[in-house]
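The residues making up each chain are set out below.
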Amino acid sequence: METGDIGPSPPFRGEREGPVAERWEGEVGGTANQLIGPPHPALSPRPAGGEGKTHTSDPGSVGENPVSVGPAFSVEALGHRFGPRRVLNNVSFSIAPGDFTVLLGLNGAGKTTLFSLATRLYAQGEGAIRIFGMDIRERMLECLRQLGIVFQQPTLDLDLSVDQNLFYHCALHGLSHRDAAQRIAAEIERVGLVEQRREKARQLSGGQRRRVEIARALLHRPRLLLLDEPTVGLDIASRQFMLDHVRRLCREQGLAALWATHLIDEVGEGARVVVLHKGEVLADGAAAQLLGEMRAPSMRAAFETLVQEREAA
Amino acid sequence: MRPIHYLRCFAGIATREWLRFLNQRGRFFSALVRPLVWLAIFATGFHFVLGVSIIPPYETYIPYAVYIAPGLIAMILLFNGMLSSLSMVYDREMGSMRILMVSPLPRWFLLTAKLLAGVIVSVLQAYAFLAIALIWEIEPPWYGYIAVLPALILSGLMMGALGLLLSSAIRQLENFASVMNFVIFPMFFASSALYPLWHIKEASLLLYRICAINPFTHAVELIRFALYGQLEPVSAVVLVAATAIFLTLAVYGYDPAKGLMARRTAD
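Residues numbered from 1 in each chain as written. Chains lettered and ligands numbered in written order. Predicted model: local features only at pLDDT ≥ 70, side-chain atom pairs only at ≥ 80, totals over all residues.

**Student:** Report on the overall build of chain A, specifying residues and quantitative values.
**Tutor:** Secondary structure summary: chain A contains 9 helices and 10 strands in total. For chain A, restricting intrachain contacts to residue pairs at least 6 apart in sequence, the fraction spanning at least 24 positions comes to 70%. (Helix = DSSP H or I, 4+ residues; strand = E, 2+ residues; numbered from the N terminus. Contact = placed C-beta atoms within 7 Å.)

**Student:** Which residues make up the interface of chain B and chain A, and what values do they have?
**Tutor:** At the interface, 28 residues of chain B touch 30 residues of chain A. Counting only elements with at least two residues in the side of chain B that touches chain A, the list comes to α1 (3–23), α4 (91–101) and α12 (260–266) of chain B. With 9 residues, the top contributor of residues to the side of chain B that touches chain A is α1 of chain B. Taken together, the residues of the side of chain B that touches chain A break down into 15 nonpolar, 8 polar and 5 charged. (Nonpolar A, V, L, I, M, F, W, Y, C, P; charged D, E, K, R; others polar.)

**Student:** Can you break down helix α7 (residues 236–253) of chain A residue by residue, with the values?
**Tutor:** With 18 residues, α7 of chain A should reach 26 Å at 1.5 Å per residue; the first-to-last C-alpha distance of 25 Å fits that figure. Tucked into the core, α7 of chain A has its buried residues touching β3 (100–104), α6 (206–218), β7 (224–228) and β8 (256–261) of chain A. (Expected span 1.5 Å × (residues − 1).)

**Student:** Outline the confidence of the model for chain B, listing residues and values.
**Tutor:** Residue and element names in this part refer to chain B. Summary statistics for chain B give a mean pLDDT of 84 and a share of 87% for residues scoring 70 or more. No element of chain B has a lower mean pLDDT than α12, which averages 47, and none a higher one than helix α10 (residues 215–226), which averages 95. Throughout residues 259–267 the model reports pLDDT below 50, and contacts reaching past four residues in sequence, or to other chains, amount to 17 contacts. Across the interface, the model reports ipTM at 0.83; the global pTM reads 0.79. (pLDDT = per-residue confidence, 0-100.)

**Student:** Describe the pairing of β7 of chain A, with residues and values.
**Tutor:** Residue and element names in this part refer to chain A. When you tally the buried positions in β7, you get 5 out of 5 residues, the bulk of the element. Relative to β7, strand β6 (residues 147–150) runs parallel, the two sharing 4 bridges. Of the residues in β7, the one forming a bridge with I149 is L226. Two strands pair when backbone bridges link them, and β7 and β8 are joined in this way by 5 bridges, in the parallel orientation. (Buried ≥ 20, exposed ≤ 12 C-beta atoms within 10 Å, placed from the backbone. Pairing = 2+ DSSP bridges.)

Listed below in structure tokens is the structure:
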């Protein structure tokens, strides 16, 4: 179970050949819209520690998008342990801007740990996490500006209205009231909750709460969206809405999204999938290609084969 | 990040705290009823048991109710400080703590802003108490109401910072009762809130020394003197120092690199 070995059968990686770390250092192997180059400091979006200029017309906000290159999100040889228990082991993968990537793994695979490390809720020791080329240990605050997060755990304040929850988030990101009002109106319309704006979050259904959370995660206009099991407990229609919504955001706005789930059927045909099992990456590639290479009839079959191979190893 | 971003962030946190306060009027009333019960029952009952001689800042013999009023104000701040900070530990609040912690502003600022927002609500309750306390003829001079404001803010910050520190450092805070037993009651009773320190000194030198180093005593004394437009410099210094120490340790406790939060959330 060894550290360098990421996938049981190398062709899974398909066009993304080789461990991610190597790609960084050397040649760039990625899809057309993917890697432009390694995250050289000179190419970094903002001067370290500086306030940084944004290229948008809205100077009032702090969540704007600097010009940058490289993958939206990358983890390199990431490891983590809780006491003696190792929960992540040499995990490496990356996401290009505009990519919709499913992080597929059973409960306990290490998905939430990975998210907690990426958002600095846990201290990160082994390996590196980069957001648009910036190491989160060095430039956490700038990384957070680029990051929209939907936690697994519900995080709406149930005693506050939808609007109040959203305005609170905008304030945390330093947006002015006017900007916030505009953006909230736009996002809430996109998730179809205009009529519920003044209702308390407590009165919303589970699916509606999730939609509010996704709207909230986008208010500061992040370029990378991390979603940890966003569809748990939702009915089929709500699940589909969430999936379609995020995929549309990726397609239309070039947002990169990492969608963690244990629900195999959420891996659509066109999606890219990273299979995480017991803290290790078993496969990483386009879903269709993965199926083809494994000659598996379905994603479920492919997943089971991968897990069995790993358990046997 | 420009100052305006910090300001907006603070305004947002304070607004949220205010809205939550409006939504939980029950909490407000219970926080107000508690000291009033003390004032109405305890102070009346003990009026003839405990004699209070003339001690600064009082210039004449005072009813017992007047003596314990500053202690009861400090009690409001103490309960609120502990409650708002400890609520962060509970699952109900853990989610919104995550949202706070992923804001792109420095963690020390976020925690301080949250603390200060809680203090604003506490201070309003303290003034509400002072207004009702007029019934018991607790009538400090008019300028006392103004002079007490900084004392209330500083005391509130100290106790909020202590609550924050406890919430970051103690892994098992099962319920509020244990905090009552081990923090609130000892702090409140081993202080000058209910009896003057010289009284305690006559009874037990050890207890007197404990009371004298208890930061809560200094909160009470700072408020007591401020109500009469006077500054108690030793108490002010002790409170500033205690706030700085508690807050620094709390920020350290919420730093993921130190892992306190990580260890707890991993459970």
